[in-house]
Amino acid sequence: MINENKILYADWAATTPIAAEVRCAMEPWLWRRFGNPSSLHGAGQEAKEAVEGARVETAALIGASPEEVFFTSGGTESSNWAIKGCAMDALSKNSRRRILVSAVEHPSVLRACEALAPLGFRTELIPVDERGVVRLDALRDRMREDCVLCAVMHANNETGVIQPVAECARIAHASGALFLCDGVQSVGHIPVDVTALDCDFLSLSGHKLCAPKGVGALYIRKGVSVPPLIHGGGQERGFRSGTENVASVVGLGEACRLAREELSRGEDKRIAALRDGLETRLLTLGGRVNGGGAERVPGTLNLSFRRVGGESLMLLCDLYGVCISTGSACSLGHGDGTSHVLRAMKLSEEEAKGAVRISIGRETTEACVREMAEIVERCVCSAREA
Ligand code: PLP
């Protein structure tokens, strides 16, 4: 994707541009159609209908029923709600006080779990193998009847590695624990079905699938009870108060409709082929693909080039108009600034510091990838000479 400023954008895992169709769907709700969905008059009721239409589209993308979808401000709030909600429920009902999470979760999961320590909850990390895939044997060993919740993301934001979510959920459920899947990097990018994944909660975020920032949703499986995190006027059937962000919710609904249409046309395969071509070409420069041995979402490529610092490479590419990233936009750096994900995959410090993430999406063409590859190649060579 090249925009008016001649920037080659290759940081789709950090955020995506708003799709033209999404902008068109949102526009009336930013201007002339401004009713409050809680109002009983016509203007309010048309806004309510728009929100409910978006709920139907969002549910359809993940194989859920509309009444299992709750709109939130994004992936962070969704996961926080599931985690803290489960903990609050457990405090009043049982003695389950352990939370098991994969070592490569996003900070919105890791930090939310850690925040529960003063209430007596202990968070334990499940290790991953060298490809970045959760070790099922380790999960099985640690899972016991005192576990309240297990969280394993669907696709990792730094490497794109896809986790064996259904197997993890089965292990959690066998001990009576609930299961959260952070689907922020997978929803809209690969087919996602909450029944096949067997999760009780699934978080998703608008800005990773061409809808605006600041909107997302939490899927809560029918029959699972979780108290609200945000109290007030009782919107979202009493579970998430606050006047609905109608325009953004409509945008999310349209983005979900669009993603479903594009997935059925095989857009994921087109993007994967572009990514694979780019990967093969860049590997000739000498380096490794982090997570390369595992199944990955189509648009994400994490590479460590030999004898190149990731940050210098990212800055150099930026000078030439190519936006790539080191790790993730909201990386949970260690003291030395390296990614907790790459460390969990046992990369050496040098490899972890050398990592860059290149992520492409629906507007990326073959020509963009070619141009991008040439610039990255030039930058790797000059970074090595420097
Ligand atoms: N989970 C993952 C895997 C992410 O990549 C992100 C964003 O980078 C989030 C959660 C947070 O989502 P949001 O930005 O909507 O709060």
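A brief structural summary. (Residues numbered from 1 in each chain as written. Predicted model: local features only at pLDDT ≥ 70, side-chain atom pairs only at ≥ 80, totals over all residues. Heavy atoms only, no water.)

### Let's talk about the pattern of salt bridges
Where charged atoms from two side chains of opposite charge come close, those side chains can pair. Within this structure, the stated rule accounts for 28 salt bridges. Two residues, D146 and R98, come together in a salt bridge whose shortest N-O distance is 2.6 Å. Here D146 is found in the loop between α5 (136–142) and β5 (147–151), whereas its partner R98 is found in strand β3 (residues 98–102), with 48 residues between them in sequence. Residue classification places D146 among the partly exposed positions, given a relative accessible area of 29%. Residue classification places R98 among the buried residues on the basis of a relative accessible area of 3%. Across the pair R281 and E377 runs a salt bridge, and its minimum N-O distance is 2.8 Å. In this pair, R281 is assigned in helix α9 (residues 267–283) and E377 in helix α13 (residues 366–385), connecting sequence segments 96 residues apart. Residue classification places R281 among the partly exposed positions, given a relative accessible area of 28%. Each member of the salt-bridge network shares a partner with another, and the members are E21, E254, R257, E261, E262, R265 and R362. (Salt bridge = Lys/Arg side-chain N within 4 Å of Asp/Glu carboxyl O. Helix = DSSP H or I, 4+ residues; strand = E, 2+ residues; numbered from the N terminus. Buried < 20%, exposed > 50% of the residue type's maximum accessible area, 1.4 Å probe, protein only.)

### Let's talk about helix α10 (residues 310–319)
Counting along an α-helix, one turn takes 3.6 residues, and residues three or four places apart therefore face a common direction. Turning to α10, its buried residues are G310, L313 and C317. Across the axial projection of α10, the buried residues extend over an arc of 65°, all falling on one side. Across α10 from its buried face, at more than 90 degrees, point the exposed residues E311 and L319. The elements touched by buried residues of α10 are β10 (300–305), β11 (322–323), α12 (349–353), β12 (355–359) and α13. Residue G321 follows α10 closely and has a positive phi angle near 85°. (Arc of directions from axis to C-beta. Contact = heavy atoms within 4.5 Å.)

### Side note on the sheet that holds strand β4 (residues 122–126)
Pairing between the strands of a sheet comes from backbone hydrogen bonds, and it takes one of two forms, parallel or antiparallel. The strand order across the open sheet formed by 7 strands is β2-β8-β7-β6-β5-β3-β4, and the pairing between neighbours is mixed. Of all strands in the sheet, those with a lone pairing partner are β2 (69–72) and β4, marking the two edges. Each adjacent strand pair in this sheet contributes to an overall mean axis angle of 20°, direction not counted. The sheet contact formed by β3 and β4 spans 5 bridges and is parallel. In the sheet register, S102 faces β4, and the bridge partner there is I126. Of the strands in this sheet, β3, β4, β5 and β6 (178–182) touch helix α4 (residues 107–114), which is tilted by about 160° from β3. (Pairing = 2+ DSSP bridges. Axes fitted to C-alpha atoms, helices over the stretch in contact; angles between N-to-C directions.)

### Looking at the site of the ligand
Neighbouring the ligand are 14 residues, the closest being T76, D182, Q185, S205 and K208. In the model, an oxygen atom of the ligand is placed 2.8 Å from a nitrogen or oxygen of the G75 main chain. Considered on its own, the ligand offers 390 Å² of accessible surface; in the complex 89% of this is hidden by protein. Of the residues in the shell around the ligand, the class split is 3 nonpolar, 9 polar and 2 charged. (Near = heavy atom within 4 Å. Polar contact = N/O pair within 3.5 Å; in protein donor to acceptor, adjacent residues only side chain to side chain. Areas by Shrake-Rupley, 256 points an atom, 1.4 Å probe, with all protein chains shown as cover. Nonpolar A, V, L, I, M, F, W, Y, C, P; charged D, E, K, R; others polar.)

### What to know about the state of the cysteines
With the rule as written, the count across this model stands at 0 disulfides. Free cysteine: C199, not disulfide-bonded; nearest cysteine sulfur from C181 at 5.4 Å. Here C256 stays unpaired: no disulfide links it, and the sulfur of C210, its closest cysteine neighbor, is 11 Å away. (Disulfide = S-S within 2.5 Å.)

### A word on the pairing of β2
Both faces of the sheet carry side chains from a regular strand, because those side chains alternate between them. Judged by which residues are buried, β2 turns out to be covered on both faces: V69 and F71 on one side and F70 and T72 on the other are all buried. Pairing geometry for β2 and strand β8 (residues 216–220), over 4 bridges, is antiparallel. Its bridge partner lying in β8, V69 is registered against Y219.

### Section: a nonpolar patch on the surface
Judged by side-chain polarity, M88, L229 and I230 come together as a nonpolar surface patch covering roughly 210 Å² of accessible area. Secondary-structure assignment places I230 in the loop between β8 and α8 (246–264). What makes I230 partly exposed here is its relative accessible area of 32%. (Patch = residues over 30% accessible without salt bridge, like charges linked within 9 Å, V, L, I, M, F, W, Y side chains within 5 Å.)

### Considerations on the nonpolar core
Core analysis: the largest hydrophobic core is formed by 73 residues, its most contacted members being I62, M143, F179 and L202. Counting residues per element, this core draws most heavily on α8, at 10 residues. Counting 28 residues, the second largest nonpolar core, distinct from the first, contains L8, I324, M372 and V376. (Core = buried A, V, L, I, M, F, W, Y, C linked by side-chain atoms within 4.5 Å.)

### Some thoughts on the side chain of R96
Note that R96 resides in the loop between α3 (75–93) and β3. No salt bridge is formed by the buried R96. Its closest oppositely charged neighbour is E145, at 4.7 Å. In terms of polar contacts, R96 uses its side chain to reach the backbone carbonyl oxygen of E145, at 3.1 Å. For R96, the contacting residues outside a window of four places in its chain are A90, F121, R144, E145, D146, C147, V148, S175, G176 and A177. (Lys, Arg positive; Asp, Glu negative; His and termini not counted.)

### Overview of the packing of aromatic side chains
Considering all chains together, one arrives at 3 aromatic pairs under this definition. When the centroid spacing of 5.7 Å and the interplanar angle of 70° are considered together, the rings of F70 and F239 count as edge-to-face. Pair noted here: F70 is in strand β2 and F239 is in the loop between β8 and α8, with a separation of 169 residues, a long-range link. The partly exposed category is assigned to F239, whose relative accessible area is 32%. Over the aromatic face of F70 sits the side chain of R237, whose NZ or CZ is 4.2 Å from the ring centroid. (Phe/Tyr/Trp six-rings, centres within 6.5 Å; stacked < 30°, edge-to-face > 60°. Lys NZ or Arg CZ within 6 Å of the ring centre and 35° of its normal.)

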